[in-house]
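Structure assessment
Letter by letter, the chains look like this.
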Amino acid sequence: MRDSIWRRTLGEADLAVLETSDEAPASADIVVVGAGPIGLATAYYLVEAGVENVCVIDRGDLLGEAGGANAGGLWFAHQSVAEGAASAVPLLAESAVLYDELEDRFAFDRTYGGLLELIEDQAAHSIAVGRAAAARNAGFEAEILNTTEMRDLEPGLNGDFAGGLLYPDDGQVHPAKLAAGWIRRIREAGGKVCAATEALRLGPPVVTSAGNIEAQCVVVACGAWTPLTTQALGWTPPIRPVRGTLLALPEMPSGTIRSAVIGPKYYWWQLPSGAIVGGGSEELVAFDRSPNEAIVAEIRADLAARFPTLAAQPTVCSWTGFRPHCGDLLPVIGGVPGRDDVFVSAGHFRMGVMTAPGSGLALAQLIVDGETEIDIEAMSPERFALSSA
Ligand SMILES: Cc1cc2nc3c(=O)[nH]c(=O)nc-3n(C[C@H](O)[C@H](O)[C@H](O)COP(=O)(O)OP(=O)(O)OC[C@H]3O[C@@H](n4cnc5c(N)ncnc54)[C@H](O)[C@@H]3O)c2cc1C
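Computed from a prediction, not measured in an experiment: that's the story for all the values here.

Below, the discussion takes up the site of the ligand. Residues in close proximity to the ligand total 37 residues, the closest being Asp58, Gly67, Gly73, Phe349 and Met354. Gly73 places a main-chain nitrogen or oxygen 2.8 Å from an oxygen atom of the ligand. At a separation of 2.8 Å, an oxygen atom of the ligand approaches a polar backbone atom of Met354. Considered on its own, the ligand offers 1,000 Å² of accessible surface; in the complex 98% of this is hidden by protein. Contributions of two or more residues to the shell around the ligand are made by helix 3 (37–48), strand 12 (239–251) and strand 16 (317–326). Ranked by the residues each element gives to the shell around the ligand, the list is headed by strand 16, at three residues. For the shell around the ligand, the class distribution of residues is 18 nonpolar, 13 polar and six charged. The residues that make up the shell around the ligand include at least three from each of domain 1 (5–70 + 175–237 + 328–383) and domain 2 (112–170 + 240–326).

This part takes up the pairing of strand 16. Of all 10 residues in strand 16, eight are buried; the element is thus mostly enclosed. Here 10 bridges tie strand 12 to strand 16, and the two strands are oriented antiparallel to one another. Pairing of Thr245 across the sheet is with Thr320, part of strand 16.

Orientation of helix 3 relative to helix 8 (residues 175–188), taken along the N-to-C sense of each, is 35 degrees, at an axis distance of 9 Å. Classified by chirality, the crossing of helix 8 by helix 3 is left-handed. Of helix 8, the residues touching helix 3 (which contributes Pro37, Leu40, Ala41, Ala43, Tyr44, Val47 and Glu48) are Ala179, Trp182, Ile183, Arg185 and Ile186. Within the contact of helix 3 with helix 8, the residues separate by chemical class into 10 nonpolar, no polar and two charged.

This part covers the pattern of salt bridges. If the charged atoms of two oppositely charged side chains come close together, the side chains can form a pair. Within the structure shown, the criterion is met by 20 salt bridges. Among the salt bridges present, the one from Arg2 reaches Glu65, with a minimum N-O distance of 2.9 Å. Residue Arg2 is found in the segment before helix 1 (5–8), and its partner Glu65 is found in the loop between strand 2 (54–57) and strand 3 (73–74); the two are separated by 63 residues along the sequence. For Glu65, a relative accessible area of 24% puts it in the partly exposed group. Across the pair Glu117 and Arg131 runs a salt bridge, and its minimum N-O distance is 2.6 Å. Within this pair, whereas Glu117 is found in strand 4 (residues 115–119), its partner Arg131 is found in helix 6 (residues 122–137), the two being separated by 14 residues in sequence. When salt bridges with common partners are traced through the structure, they connect Arg2, Glu65 and Arg289 into a single cluster.

What follows covers the pairing of strand 11 (residues 211–220). Where strand 1 (residues 27–33) and strand 11 come together, six bridges link them in parallel fashion. When the bridges of strand 11 are listed, Ser27 appears paired with Glu214. In this structure, strand 10 (residues 206–208) lies alongside strand 11, joined through three bridges in antiparallel fashion. Bridging from a neighbouring strand, Val207 pairs with Asn212 of strand 11. Between strand 10 and strand 11, which pair antiparallel in sequence order, lie two residues. Alignment of strand 11 against strand 18 (residues 342–346), held across three bridges, turns out to be parallel. The partner of Val220 across the bridge, within strand 18, is Val344.

Right, let's get into the sheet that holds strand 15 (residues 275–279). Across the sheet, eight strands lie side by side as 5-6-4-13-14-15-12-16; this open sheet has mixed pairing. The strands lining the two open edges of the sheet, one partner per strand, are strand 5 (143–145) and strand 16. Neighbour-to-neighbour, the strand axes of this sheet turn through a mean angle of 25 degrees, independent of strand direction. Lying over the sheet, helix 10 (residues 293–306) contacts strand 4, strand 12, strand 14 (267–270), strand 15 and strand 16, oriented at roughly 50 degrees with respect to strand 12.

Turning next to unusual backbone geometry. Each neighbour pair has its own omega, and for Gly203 with Pro204 the value is 10 degrees, a cis peptide bond. With respect to the helices, strands and loops of the structure, Pro204 is situated in the loop between strand 9 (199–201) and strand 10. Note that the residue after Pro204, namely Pro205, is joined by a cis bond; omega there is -10 degrees. Looking at the secondary structure, you find Pro205 in the loop between strand 9 and strand 10. Of note in the backbone geometry, Leu329 takes a positive phi value of approximately 65 degrees without being a glycine. Turning to its location among the elements, Leu329 is positioned in the loop between strand 16 and strand 17 (332–335).

Parameters and conventions
- Every chain begins its residue count from 1, and numbering advances along the sequence as written.
- Given that the model is predicted, a residue must reach a pLDDT of at least 70 before its local features are reported, and side-chain atom pairs must reach 80 or more before they are shown or counted; all residues, however, enter totals for whole chains, interfaces and linings.
- Computation of side-chain values: all heavy atoms of the structure, hydrogens and water removed.
- We define proximity as follows: a residue is near a molecule or strand when any one of its heavy atoms falls within 4 Å of that partner.
- Counting of polar contacts relies on pairs of N or O atoms within 3.5 Å, with two restrictions inside protein: one atom must be capable of donating a hydrogen and the other of accepting it, and residues adjacent in sequence are counted only when both atoms are side-chain atoms.
- Note on areas: Shrake-Rupley, 1.4 Å probe, and residue coverage restricted to the protein chains presented here.
- For helices the rule is a DSSP run of H or I covering at least 4 residues; for strands it is a run of E covering at least 2, with both sets numbered from the N terminus onward.
- Three residue categories are used. Nonpolar comprises Ala, Val, Leu, Ile, Met, Phe, Trp, Tyr, Cys and Pro, charged comprises Asp, Glu, Lys and Arg, and polar comprises the others, including Gly.
- Where a domain begins and ends is set by an automatic assignment or by a domain database.
- A 1.4 Å probe rolled over the protein chains alone gives each residue an accessible area, and that area as a share of the maximum for its type sets the label: buried under 20%, exposed over 50%, partly exposed in between.
- Here, strands pair whenever DSSP counts at least two bridges between them.
- Between N-to-C directions, angles cover 0 to 180 degrees, with each direction set by a line fitted to C-alpha atoms, over the stretch in contact for helices.
- Helix crossings are classified by the rotation of the near helix relative to the far one: an anticlockwise turn of less than a right angle makes the crossing left-handed, while a clockwise turn makes it right-handed.
- By the convention used here, residues are in contact when the closest approach between their heavy atoms is within 4.5 Å.
- By convention in these notes, a salt bridge is any Lys or Arg side-chain nitrogen within 4 Å of a carboxyl oxygen on Asp or Glu.

The quantities given are spatial measurements derived from coordinates; they are silent on function.
Structural data, given as C-alpha cells:
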C-alpha cells in the first residue's frame, strides 16, 4: 500500500495481510483482475456463494490504487442525490444493509458521525431543501439545520452559513481494515490473492506476468484502468481517471470535528485515531502521479477558512488516487458484450467503497445464478457497444 493515513493507522496484523501475496496458481474457477474494493468485494461474495477456487490478481500492491487512497465515506444519503445517481439508489440501499452485516464479521472502524453539507447562502438553501426531500424519497434520512443547530453540532466551524443539510446516518470506514477482512475470508476459503501479477491477456487462459491461469471466467475490476484491460476484446467503456488528493493533520482531541463536513469543493472529518483528514479534489490529469503543491495549498486554505484553530497544524502526509469516472456517472456491472466468460465491475467514481458490497454481491449472483436480486439494470455493460475494431 502507498503511504496514506490508512496505511499509518493500520495495525500490524492487517498490514501483514495486505502485504502478503499468494503465488499465482495454474488454475482457478474464477480470476478477478484488480485488488481494489470492487475486485475484493466481488471475490468475497463469490466465496460466500460457495466458489472455492477464486483467485484475485493485481499488478501492483493489494489496495494499491484508489481503494487505498479514498476517504472511506459511507455517504449513502449524500450520494443518493448526487448528479446522475438516481439509478444507483437500489445499489446504495442494498450496500447500506450489507455493511451492517459485514460489521458483524470484521472490525473496520465504522463510525456514524453523519455528513453535514454546508449551505452557503439563501439560493443554496432552497436547493438544499430539495436535496433533503429527494434523499428522504430515496429512503434515507436528511434534515435541514438552522445556523444555531449547526453551531451546536460543529462548534469549531467558522463562517457565515445559511444553514446545513445533515445526513445523520452517513458515516465512514477504514478502507484498508475492511479490505484486510475481505482478503482474510477469501484466503480462509481457499482462494488466492496475488500482488505483482498483471493481467496481460484475458484469455482463456488468463495470461499474467506470473504465468498463465486456466479459469472458467474472468472478472475485470481494474478501476480507472478498465478500458486498457478490455480494449483487446474490442470493448472500451468510457471510464477515465479523475485524480483526488487528500491530506492528514496530527491527532487532535476527539470531537474536534464531529461529522464529515463538506463544502462546495472540499470535505473534512476526524478519524477515531484523532487525525483530521480532508481534501477530495477532482483533478483531470490522466494518470499523472506527480505531487501538486498548488492543490495541497488550496486544501489547506479551505481548512484554514473552515476550521481556523487547525490552520497552524502541519500536514502529516498527503496522497492521491485515481477515481474511475464513467461517462454517464454510473458503474458498469455485468457481462462484457459478446463474451459469456468475461464480466466487469468498474466505473464507481466517488462511490466505490460505499457500493462495493452491493456491487460484489450483484456480480457474484449474476455469475453463479445467472441473475441478481439487486436492481443494477441501468449499469449494464451492454449500454456501451463493442467497437468495430
Ligand atoms: C481522494 C479520493 C476520495 C474518495 N472517497 C471516497 C469515499 O469517501 N467513498 C467512496 O465510496 N469512494 C470514494 N472514492 C472512490 C473509490 O476509491 C473508488 O470508487 C474505488 O476505489 C474504485 O474501486 P476499484 O476496485 O474499481 O478500483 P481501484 O481501487 O483503483 O482498484 C483497481 C485495481 O486494478 C488493478 N489493475 C489495473 N489494471 C490491472 C491489470 N491489467 N492487471 C492486474 N491488476 C490491474 C490496479 O492496480 C488497482 O489496484 C474516493 C477516491 C479518491 C481518489
